[in-house]
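# Working through the structure, step by step
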Amino acid sequence: QVQLVESGGGLVQAGGSLRLSCAPSGHSSSGRTLSIHVMGWFRQAPGKEREFVAAIGWDGISLAYGDSVKGRFTITRDHAKNMVYLQTNSLKLEDTAVYYCAGDPSGSYYDAPSYRYWGQGTQVTVSS
């Protein structure tokens, strides 16, 4: 019953920017509103495996980025709004993919299978 919902994807010209958002919905098994300590972003392009993009800890300071996006993308969170964001700058054609947010990894935050919760994805398409 717990899920994540992404938004903010769309069409953008190379070199442009998009801000993706992710919010949890539903409730935990305890009946409380879902609050996730560690959140991540992944992406998957057609014919390719799901790729780690970024992750953020509860403190908003512990950050990690995939090599392909480091220096261009920024992950942040807003506890008051219970939201997680991915600011994507200097977008390239190869950034085109479906972007997914994920929460609460049981293992490494780099590994998609370790995450407990996932969103449905939002499409980001970069054109020349």
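Now for a look at the structure at hand. (Residues numbered from 1 in each chain as written. Predicted model: local features only at pLDDT ≥ 70, side-chain atom pairs only at ≥ 80, totals over all residues. Heavy atoms only, no water.)

### Some words on the state of the cysteines
- Under the definition given, this model contains 1 disulfide.
- The disulfide partner of C22 is C101, and the gap between their sulfur atoms is 2.1 Å. Here the disulfide of C22 and C101 is right-handed, its torsion about the S-S bond being about 65 degrees. One end of the pair, C22, is in strand β3 (residues 18–25); the other, C101, is in strand β9 (residues 97–105), and 79 residues separate them in sequence. (Disulfide = S-S within 2.5 Å. Helix = DSSP H or I, 4+ residues; strand = E, 2+ residues; numbered from the N terminus.)

### Considerations on the pairing of strand β4 (residues 39–44)
- With respect to burial, β4 is a largely interior element, 5 of its 6 residues being buried.
- Of the strand pairs in this sheet, β4 and strand β5 (residues 51–56) are connected by 5 bridges, and their pairing is antiparallel. Bridged to G40 within β5 is A55.
- In this antiparallel pair of consecutive strands, β4 and β5, the connection spans 6 residues, and G47 shows a positive phi of 75 degrees.
- Relative to β9, β4 runs antiparallel, the two being bridged by 6 bridges. Note that in β9 the partner of M39 across the bridge is G103. (Buried < 20%, exposed > 50% of the residue type's maximum accessible area, 1.4 Å probe, protein only. Pairing = 2+ DSSP bridges.)

### Regarding the nonpolar core
- In this structure, W41, V53, I75, L86 and Y99 are the most contacted members of the largest nonpolar core, which totals 25 residues.
- When contributions to this core are tallied by element, the ones reaching two or more residues are β3, β4, β5, β7 (73–78), β8 (83–88), β9 and β11 (122–127).
- Excluding residues that lie within four positions of it along the chain, V53 makes contacts with W41, F42, R43, A64, Y65, G66, V69, F73, L86 and Y99.
- Residues F42, A64, A102 and A112 belong to the second largest nonpolar core, which totals 7 residues. (Core = buried A, V, L, I, M, F, W, Y, C linked by side-chain atoms within 4.5 Å. Contact = heavy atoms within 4.5 Å.)

That's the geometry; what it means functionally is another story.
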